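Each chain is listed here by its residues.
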Amino acid sequence: MSQQALPPSWQHVGRHDVFPSSGHDDTARFDFLANLNGYLATRLSPKVRVAYDKRVKPAFEAAQGRAPETRHEVRKAMVGDPIYQTWSALRRSSMEMRQQAGRGLVLRQLAPLVEKARELNEGSPNLQLDPSVKVPRHVSAVDIHCMPGGYHTELVKDDISAGANYDAGIFATTGGMLGRFNDGGGQALAQWLKQEHPDFKPRRILDLGCTVGHNVVPLAQAFPDAEVIAVDVSAPMLRYGHARARSMGVDNLLFRQADAESLDYPDGHFDLISTAMFWHESSARSMPRTLQEVHRLLADGGLSANLEQPQYHGMDPYEAFVRDWDAYNNNEPFWSVMHEYDLRAMMAAAGFDDSRYFETTVAGVVDRSIFPEASNDGEDYGRAALWTMFGAWK
Amino acid sequence: MSELPDIDDIDPIALAGTRAKGKRPYFFKDPDVERVLSIAMVIAMEHAVTRQRLDALERLIESKGVATRAELDAFQPDAAAEAERTTWMQEYVARVLRIVQQETEALESGAKEPPMADLIAQMRDE
């Protein structure tokens, strides 16, 4: 059995001026959860596969005269298996515990956190909230990844708790795989651009569904002369994200409350439009509309670059079933549908030239002195920092 | 839009354990098993937290040479310390029994939540 790298303690999480202050027990709680998640992903998850190979699949074959052909057949066959049940119940519990730990940390100090964010946000031209923006149903139908209240719910005036909880907990959920500031995705995109397209110098950058801005801050830092705009529908995320970016000394980044399906910028306004883990939280109507908007907003020679989990095409039905777990059990209702799509065809339908479509794999870029190498052995089917990047040049 | 509560009027302990909107999946044949497992896992976590705290304390005490095990056994908190310890116990109990809180919240809200498969089908068309 391969030796897994130890996940870094939560004490190494990146702190900025609006990050909640924490005591010993908060750290210990997140450390327990990171190690529990690691156990479930690297120790127990392979045993679920064993249960499939040794008893679930043979029973299916005996009854049907063939092997399961789709992830849905695998899922229905696995439902009654005790190892699958235990692994699933523990995963769900772990996610709920993570939410309670993060919310407990944030809500007990909400007044000073709201005040700090207010000080950083007040009068800034780089935060533009618009209360008329409607939270779309694909964001509000369920609380995505079991985060109570989702991205958008405000508990008090000028609330930032959803953002602070989100920011505090990802480090534990991912076992530090996204780096100290959970920005390994944005850093991966910035690094890819510098290595693969060193002459590409975007003057205007747009990030869609930015949440706390963790993946757009590295772009703003990589292109300090660019004007960068990050949009989201959620006010608590934007208030927190702006205060976070400001306290990190990033001043070329505007946070705007807006629906990515329809933005009031002129045609061809942006040179780069990025997303990170955005499309799987969208919907079947919203995704093509938003892609059309991306195409409209890009200048000729501009780039649409999107980080996502891998698509299911050509994937072993068992692996697709495991990756689908979050759709059914972690409140990600569009995850399952989105990962079926032919993304090349979708981009083409949105107006992109088929020959300018690209797809590649990128790994999170993190500080190796503190964080373990992302490894295939530790693949957590949805949480590890190995992504598909797809997109197109206009 | 309804008025949001004043920041001093929210209950951080209850809100920390709020349930997430969306029908909760239960994996075992008997949901009682899942309830007990969920509670047991939190106890496991809180036990680990305490163990870490004790470890830190013992290392500090040892390195500074300030206290003995006998003194630890004889410790009696004063009134202020007792109040702090009681507040901690309240938060502890709420954490351990979170799943019960969430099930009663679901019951109280009375909202019928569709199965995730139905939502997935709806999202496909929206």
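Preceding this section is the structure that the text describes.
Residues numbered from 1 in each chain as written. Chains lettered and ligands numbered in written order. Predicted model: local features only at pLDDT ≥ 70, side-chain atom pairs only at ≥ 80, totals over all residues. Heavy atoms only, no water.

Enquirer: Pulling in residues and values, what's your account of helix 5 (residues 98–109) of chain B?
Expert: Spanning twelve residues, helix 5 of chain B covers 16 Å between terminal C-alpha atoms, matching the ideal 16 Å at 1.5 Å per step. Taken together, the buried positions of helix 5 of chain B are occupied by Arg98, Ile99, Gln101 and Gln102 of chain B. End-on, the buried residues of helix 5 of chain B take up no more than an arc of 155°, which puts them together on one face. Among the exposed residues of helix 5 of chain B, those oriented more than 90 degrees off its buried face are Leu107 and Glu108 of chain B. Looking at the buried residues of helix 5 of chain B, the elements they touch are helix 3 (82–107) of chain A together with helix 1 (12–16), helix 2 (31–64) and helix 4 (79–96) of chain B. Of the residues flanking the end of helix 5 of chain B, it is glycine 110 of chain B, one or two places downstream, whose phi is positive at about 70°. (Helix = DSSP H or I, 4+ residues; strand = E, 2+ residues; numbered from the N terminus. Expected span 1.5 Å × (residues − 1). Buried < 20%, exposed > 50% of the residue type's maximum accessible area, 1.4 Å probe, protein only. Arc of directions from axis to C-beta. Contact = heavy atoms within 4.5 Å.)

Enquirer: Mind laying out the interface of chain A and chain B, listing which residues take part and the relevant values?
Expert: Contacts between the two partners involve 54 residues from chain A and, on the opposite side, 47 residues from chain B. Where arginine 53 of chain B meets aspartate 25 of chain A, a salt bridge forms, and the shortest distance between an N and an O atom there is 2.9 Å. Our count for the chain A to chain B interface comes out at 20 residue pairs in polar contact (both at pLDDT 80 or more). Those elements giving two or more residues to the side of chain A that touches chain B turn out to be helix 1 (24–64), helix 3, helix 4 (110–121), helix 5 (137–140) and helix 12 (325–329) of chain A. The element best represented in the side of chain A that touches chain B is helix 3 of chain A, accounting for 16 residues. Residue classes in the side of chain A that touches chain B are distributed as 28 nonpolar, 14 polar and twelve charged. (Salt bridge = Lys/Arg side-chain N within 4 Å of Asp/Glu carboxyl O. Polar contact = N/O pair within 3.5 Å; in protein donor to acceptor, adjacent residues only side chain to side chain. Nonpolar A, V, L, I, M, F, W, Y, C, P; charged D, E, K, R; others polar.)

Enquirer: A description of the nonpolar core should follow, citing residues and the corresponding values.
Expert: Residues Met78, Leu193, Leu253 and Leu303 of chain A are the most contacted members of the largest nonpolar core, which totals 99 residues. Ranked by residue count, the leading element in this core is helix 1 of chain A, at ten residues. Here this core gathers at least three residues from each of two domains, domain 1 (10–123 + 157–166) and domain 2 (173–393) of chain A. Counting 43 residues, the second-largest nonpolar core is a separate cluster that includes Val142, Leu254 and Met287 of chain A together with Met123 of chain B. (Core = buried A, V, L, I, M, F, W, Y, C linked by side-chain atoms within 4.5 Å. Domains from an automatic or database assignment.)

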